[in-house]
Amino acid sequence: MPKLGVNIDHVATLRQARREGFPDIVEAAIACELAGAEGITCHLREDRRHIQDADVYALKRSIKTKLNLEMAASEDIVRIALDVKPRDVCLVPEKRHELTTEGGLDVAGNIKSLGDVVSRLRSSGIKVSMFINPDKNQIVASKEIGADCVELHTGHYANSRSAQERAKHLAVIKEASVRVLESGLILNCGHGLDYSNARDVAVIPGMRELNIGFSIIARALFVGLENAVREMKKLCAE
Ligand code: PXP
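Residues numbered from 1 in each chain as written. Predicted model: local features only at pLDDT ≥ 70, side-chain atom pairs only at ≥ 80, totals over all residues. Heavy atoms only, no water.

Draft legend 1. Spotlight on empty space enclosed by the protein. Under the counting rule described, the total for this entry stands at two cavities of 30 Å³ or more. Here the largest cavity is characterised by a volume of approximately 40 Å³. Along its surface, the largest cavity is lined by Asn68, Asp88, Val89, Cys90, Lys127, Val128, Ser129, Cys149, Glu151, Asn188, Glu209 and Asn211. Those elements that provide at least two residues to the lining of the largest cavity are strand S4 (88-91), strand S5 (127-132), strand S6 (149-153) and strand S8 (209-212). Looking at the lining of the largest cavity, its residues break down into four nonpolar, four polar and four charged. Computed from the structure, the second largest cavity encloses a volume of approximately 30 Å³. Lining the second largest cavity are Met1, Pro2, Lys3, Leu4, Leu210, Met232, Lys233 and Cys236. Looking at the lining of the second largest cavity element by element, the count peaks at three residues for helix H11 (residues 225-237). Looking at the lining of the second largest cavity residue by residue, the class counts come to six nonpolar, no polar and two charged. (1 Å grid on protein atoms, 1.4 Å probe; cavity = no way out; pocket = protein on both sides within 12 Å on 5 of 7 lines; lining within 4 Å. Points joined across faces, edges and corners; volume = space filled by probe spheres on them. Helix = DSSP H or I, 4+ residues; strand = E, 2+ residues; numbered from the N terminus. Nonpolar A, V, L, I, M, F, W, Y, C, P; charged D, E, K, R; others polar.)

Draft legend 2. Representation of the pattern of salt bridges. Tallying each qualifying case throughout the model produces 15 salt bridges. Note that Arg120 and Glu75 form a salt bridge whose closest N and O atoms lie 2.9 Å from each other. Taken together, the positions of Arg120 in helix H5 (residues 111-123) and Glu75 in helix H4 (residues 75-84) put the pair 45 residues apart, joining distant regions of the chain. Given the relative accessible area of 36%, Glu75 is considered partly exposed. Residue Lys234 pairs with Glu238 through a salt bridge whose shortest N-O separation is 3.5 Å. By relative accessible area, which is 53% here, Glu238 ends up exposed. (Salt bridge = Lys/Arg side-chain N within 4 Å of Asp/Glu carboxyl O. Buried < 20%, exposed > 50% of the residue type's maximum accessible area, 1.4 Å probe, protein only.)

So this is what it looks like as structure tokens:
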């Protein structure tokens, strides 16, 4: 059964809607951990639309599991990561006007610049993951630049409009998963996973970790955060 990393960005989205001090991000992280989450994920975006710098430091200080910081490979954010030293960093592409991360990182097209960032992060003891589409060239390039892990983008699978389309995307993810493992990289998946589609990804052999945010935080409105996390863990274990 893969480990569950809960992305708590949208707890901060709610807080930032009123610029209040609540809901408290650390309290949310601790609730996720108490319910069995094996990691806490947050994305420090360049526009700081949800998670703020202070949140990343507070999470690093307070959580008992591990912090996975999603971030663009831009210099000011890299400096913060080097200062905070989360256990993991997941490098993602970032566009100012997107609602959420769209598509994977073009590692193959940015070998030099991304390779430099990966090596700076790794030399300070951070494990580095690349958020990529389930594509052979991107897997090869991730290995080439020295990443430890890849997180395969499951957004296209999750947004499929028919069972046929979904099966096609799942087959692509499964094929890419084999390639990831064969190349010696750690296999993670994430984006758009919810209570109806996470299980088929969770059962892919060798899956180390799923990073899930929006669906869990949305479900928490009705059942509470701890129950929402427990339900997701149970579903992935079934
Ligand atoms: N993994 C990555 C790399 C992401 O950028 C995101 C969204 O921040 C997630 C996982 C979580 O996606 P969702 O909120 O759709 O579950």
